[in-house]
Structure formats: structure tokens, C-alpha cells
Amino acid sequence: MELVSWDFFSGGLLSPISTIILIILAGFTSMVSAAFGAGGGLMLLVIMASMMPMSVVIPVHGLVQLGSNANRFLYTFKHIDGAMFLYFSLGGIFGSLVASTIVTAIPLELMKIVVAAFVLYLLWGVTPKIRETSTLWRILAGLWTSFISMFVGASGPLVGSCLYVNNYNKLQFTATFSSCMTVQHTLKAILYGAVGFAFWQWLPLVMSMIMSGAIGTWLGLKLLHRISSDKFKQIFRLVLTLLSLQLAWQGIYFVFA
């Protein structure tokens, strides 16, 4: 007699091995984001998109990232830049409202290609040089990145580039980044719930990944001041590039097969 019914985690849409891998990776990628500021969400998104139905990747990934960022937010809330958080959140609400008008029109079969292209651009493209730190710019940053997040999932590097111009120290960056991403993923959950996504079917898996992520976040924050990230970032970018290319190939093969 099985002690664990694996269908409980995903309604039979994932194998036991895939379920275990995703739970473990949720912890690892949360550790990466906590220790190095960002990046774990992208890695988790690429892997989830390779293992799960594309119709559920963005909303499920959003819930998991909501838990991961909320954990970091609670650990570091004393260091948050309140003004950035406030104006970013205001812009995020507008961005989500705009996205809600077209989110159901996106062809899910092509999402793998979109996600892969987005990740590759963030890894290898030219990062915009952002110099403005005005209230209006902060609102626009929240609007644009929240809009993008509804379709490609992991907008963390874009949000990070918006925060970079403020010259935060490590704890300030981690706290403000986590608070902004928590709002963004909350808005995403509300949007996908409003358009009819059945979150309840995936809640056992999501909760397991969030608990794993909490452990990863704790470990990552412990490493925050102790690890040099230069070599890791090189390896991380190479691995993520290979995963993205593999993901793009899956999407292209589906379109032209």
C-alpha cells in the first residue's frame, strides 16, 4: 500500500520522479535567489516548462515564487525601501489590469518559445541602462514588469535591473526585490484565478515546493555574505542557456511537427 498517492500532488499529470525533482529544485532555486539576489526563479521556470503542461506553468510557478519571495520578504523586511515598494506596487496593479484583457488570447502552445527567448535575452541581451529614479519611473517599472510577468513568468531580472540603479547594499536589494516580487506574484495569482485557472488541483505540489523553498531561502540568506558569486554566475548562465535552448527546441518541434 502506497504511503503517498502521487496523483494527490498534480492530479496524475506528473510522474512521482518529476514531482520529487520539482520539490527539491524549489528549495535549491530559492537558495540561489536568496544568496545571489535573483536568478532562481528563471531556473525554476525553465525546468517547470520542460516538465509540466504549458497551460499551468505560469500560474503554478507564480504561486511557488509568491511563497519563496514572501519568505525572503519576512526575513528581511526591516531593510525594505518603502517608497520603491509603494510606487512599484501601484504600477503593478495597472500592469496586471492591462494584462487581464489579453491573457486568455495567448496561444499556450507557443509559450515555450516565448519563455526561452525571454530567458536568453535576459542572459545575453543588452541590459537597458536605467538612470531615472523618479516616482513616475518607479510606477512605470512596476507597470511594465508586472505586465510582462503575466505571460513569461519570471520577470525577476527585469525587476532587479530596475532596483540596481538605487545602489542598495545586499540586504536592501534582497528585501526590496522580494517585496516587489511578492506583490507581483500576488497580482498574478489573482489574475489567473479570475480567468478560471483551477489552482486547487496544484495546491499540494505548490505547498510542498513553498516549504522546500523556505528551507532554501534560510540557507541562501546564511550564504549571502560568505560566497563570491562570480564563478557561480558563469556556470549558472551556461546551464540556463542550455536549458533554454532545449526548451525552445521543444516548442519549435511542436509547432512544425
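Computed from a prediction, not measured in an experiment: that's the story for all the values here.

A. Summary view of the overall build of the protein. The secondary structure content of the protein amounts to eleven helices and zero strands. Here the contacts in the protein between residues at least 6 apart in sequence split such that 84% fall between residues at least 24 apart. Summed over its atoms, the accessible surface of the protein is roughly 12600 Å², and 70% of this surface lies on carbon and sulfur atoms.

B. Broad picture of the nonpolar core. Met48, Met52, Val60, Trp202 and Met209 are the most contacted members of the largest nonpolar core, which totals 38 residues. Looking at this core, the elements that each hand over two or more residues are α2 (16-36), α3 (40-51), α4 (54-76), α6 (111-124), α9 (170-194), α10 (203-223) and α11 (230-256).

C. Structural context of helix α5 (residues 82-100). Helix length check: α5, at 19 residues, gives a terminal C-alpha distance of 27 Å against a target of 27 Å (1.5 Å per residue), a fit within 8%. Among all positions of α5, only Met84, Phe88, Ser89, Gly91, Gly92, Gly95, Ser96 and Ala99 are buried. Capping the start of α5, Asp81 holds a side-chain oxygen 3.2 Å from the backbone nitrogen of Ala83, two or three residues further along.

D. Local environment of the packing of aromatic side chains. Applying the stated criterion to the full structure yields two aromatic pairs. When the ring of Phe173 is compared with that of Phe177, the centres are 5.7 Å apart and the planes differ by 10°; the resulting orientation is stacked. Pair noted here: Phe173 and Phe177 are both in helix α9, with a separation of four residues, about one helical turn. Judged on exposure class, the residue Phe173 and its partner Phe177 are both buried.

E. Structural detail: the confidence of the model for the protein. For the protein, per-residue confidence averages 76 on the pLDDT scale, and 78% of positions sit at 70 or higher. Per-element averaging of pLDDT across the protein places helix α1 (residues 7-10) at the bottom with 60 and α5 at the top with 87.

F. Region of the structure containing a nonpolar patch on the surface. A contiguous nonpolar surface patch, about 720 Å² in accessible area, is contributed by Trp249, Ile252, Tyr253, Phe254, Val255 and Phe256. Inspection of the secondary structure assignment puts Val255 in helix α11. With relative accessibility at 36%, the residue Val255 sits in the partly exposed group.

The rules behind the values
- Residues numbered from 1 in each chain as written.
- Predicted model: local features only at pLDDT ≥ 70, side-chain atom pairs only at ≥ 80, totals over all residues.
- Heavy atoms only, no water.
- Helix = DSSP H or I, 4+ residues; strand = E, 2+ residues; numbered from the N terminus.
- Contact = heavy atoms within 4.5 Å.
- Areas by Shrake-Rupley, 256 points an atom, 1.4 Å probe, with all protein chains shown as cover.
- Core = buried A, V, L, I, M, F, W, Y, C linked by side-chain atoms within 4.5 Å.
- Buried < 20%, exposed > 50% of the residue type's maximum accessible area, 1.4 Å probe, protein only.
- Expected span 1.5 Å × (residues − 1).
- Polar contact = N/O pair within 3.5 Å; in protein donor to acceptor, adjacent residues only side chain to side chain.
- Phe/Tyr/Trp six-rings, centres within 6.5 Å; stacked < 30°, edge-to-face > 60°.
- pLDDT = per-residue confidence, 0-100.
- Patch = residues over 30% accessible without salt bridge, like charges linked within 9 Å, V, L, I, M, F, W, Y side chains within 5 Å.
- Salt bridge = Lys/Arg side-chain N within 4 Å of Asp/Glu carboxyl O.

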